[in-house]
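These are the residues of each chain, in order.
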Amino acid sequence: MSDAITNSREIQRAFVEYDRQVILNNVIIGCLIGIVLMPLGTLLDYYVYRPEVLYFLKLRMLCSLLIGVFWLAVITPFGRKHPRKLGVLLAIFPAFFISWMIYATTGPNSGANSPYYAGLNLVLLVVGFVLHWTFVESLAVVGVTTLMYVSACVLHGHISGVSLLNNLYFLILTGVIIVTGSYFHNKTRYREFAFRYELDKSKHELETSNTKLSEQNIAL
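Read on for an overview of the structure.

1. As for the packing of helix α8 (residues 117-131) against helix α9 (residues 135-156)
Packing of α8 against α9 brings their axes to within 11 Å, and their N-to-C directions diverge by 170 degrees. By the angle between their directions, the pair α8 and α9 is classed as roughly antiparallel. Two secondary-structure elements touch here, α8 through Y117, L120, L124 and V127 and α9 through S138, V141, V142, T145 and Y149. Split into classes, the residues belonging to the contact of α8 with α9 amount to seven nonpolar, two polar and no charged.

2. Notes on the layout of surface pockets
What the largest pocket holds in volume is close to 520 Å³. Contributions of two or more residues to the lining of the largest pocket are made by α2 (9-40), α4 (53-74), α7 (92-104) and α8. Top contributing element to the lining of the largest pocket by residue count: α8, with eight residues. Its residues assigned to classes, the lining of the largest pocket comprises 18 nonpolar, four polar and one charged.

3. Things to note about helix α6 (residues 83-90)
Summarising burial for α6: six of the eight residues are buried, a large majority. Burial in α6 covers these residues: P83, R84, L86, G87, V88 and L90.

4. Section: the state of the cysteines
Tallied over the entire structure, the rule returns zero disulfides. Between C63, a cysteine without a disulfide, and C31, which holds the nearest cysteine sulfur, the sulfur-to-sulfur distance is 11 Å. Assessed through its relative accessible area of 0%, C63 is described here as buried. Cysteine C153 remains unbridged, with the sulfur of C63 as its closest cysteine sulfur at 18 Å.

5. Some points on the side chain of N186
In this fold, N186 is placed in helix α10 (residues 161-219). Judged by its relative accessible area of 13%, N186 is buried. Separated by 2.7 Å, the side chain of N186 and the backbone oxygen of S182 make a polar contact. A distance of 3.3 Å separates a polar atom in the side chain of N186 from a polar atom in the side chain of R189. The residues touching N186, leaving out its near neighbours within four places in the chain, are R84, H132, W133 and T134.

6. Re the pattern of salt bridges
Scanning the model with the defined rule gives four salt bridges in all. Ionic pairing is found between E10 and K201, a salt bridge with its closest N-O pair at 3.3 Å. Of this pair, E10 sits in helix α2 while K201 sits in helix α10, placing them 191 residues apart in sequence. As a salt-bridge pair, R60 and D45 come within 2.6 Å of each other at their nearest N and O atoms. Separated by 15 residues along the polypeptide, R60 in helix α4 and D45 in helix α3 (residues 42-48) bring together distant segments of the chain. Overall, R60 belongs to the buried group, its relative accessible area being 7%.

About the cut-offs
- Residues numbered from 1 in each chain as written.
- Predicted model: local features only at pLDDT ≥ 70, side-chain atom pairs only at ≥ 80, totals over all residues.
- Heavy atoms only, no water.
- Axes fitted to C-alpha atoms, helices over the stretch in contact; angles between N-to-C directions.
- Helix = DSSP H or I, 4+ residues; strand = E, 2+ residues; numbered from the N terminus.
- Parallel < 35°, antiparallel > 145°, perpendicular 65-115°, else oblique.
- Contact = heavy atoms within 4.5 Å.
- Nonpolar A, V, L, I, M, F, W, Y, C, P; charged D, E, K, R; others polar.
- 1 Å grid on protein atoms, 1.4 Å probe; cavity = no way out; pocket = protein on both sides within 12 Å on 5 of 7 lines; lining within 4 Å.
- Points joined across faces, edges and corners; volume = space filled by probe spheres on them.
- Buried < 20%, exposed > 50% of the residue type's maximum accessible area, 1.4 Å probe, protein only.
- Disulfide = S-S within 2.5 Å.
- Polar contact = N/O pair within 3.5 Å; in protein donor to acceptor, adjacent residues only side chain to side chain.
- Salt bridge = Lys/Arg side-chain N within 4 Å of Asp/Glu carboxyl O.

Note that every value here comes from positions in space, so none of it alone points to a role or purpose.
Here it is as C-alpha cells:
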C-alpha cells in the first residue's frame, strides 16, 4: 500500500474513531480479567506463602475492588472518549499489588527469591495481547513495572544477586518482546484498516456511479 494512502488525514481520523471503540472493549475485557484472576491467586498464596495468605487475600481483594471502580470510570462518557489515557493505568493496579506482595513476603522464597515476579510477566502479556497498547504506552508500562519490582526487592532487603538478575532478565526480555510486538502489531492494524477503508470507499463510489448510470439509461 502506498504511503500516500496510509498517510491520508481522512484515514487517520477514521482509524482513531475505530481504534477508540476497539481499545474501549479491550480495556473492559482487561478489567474483567484483573477482577477475576487476582483473587484466584489466593490458591497459590496458600501453598507458597501460607503465613501471609490472609494478608495477601486482602491485598488481592483490594486490587479487584480498585479495578472494579476503574471499570466504572472507563464506561463514563469521559472514559469512552479517552480509553487509551485511562487504559494505561489498568496494568499498574495488578503490577503494584504483586510488587507489594513481593515486598511483604517472608521465608526463603521472599524478596528477590519470590516466584511472584512471574505474575508481573503475566501483566505485561495482558498489555501486549489483550490491550494492544502503542509502542510508547507499552514501553511506559514495562518501565514502570520493572521499576516497581526492583523497588519491592530493594525495600524488602533480602536481595539474592543471582535471583534478582535472573528475574530481571526474564522480566525485561518479556518487556522487549511486548514493546516490539506492539510496535509492529499496531502498524499492521493501521495498514489493514487503511486497506479496508479504501476498498469500502471505492466500492461505495462504484455503487454510486452504477446507480447514476442506471438512472441515465432509464431516462434515455
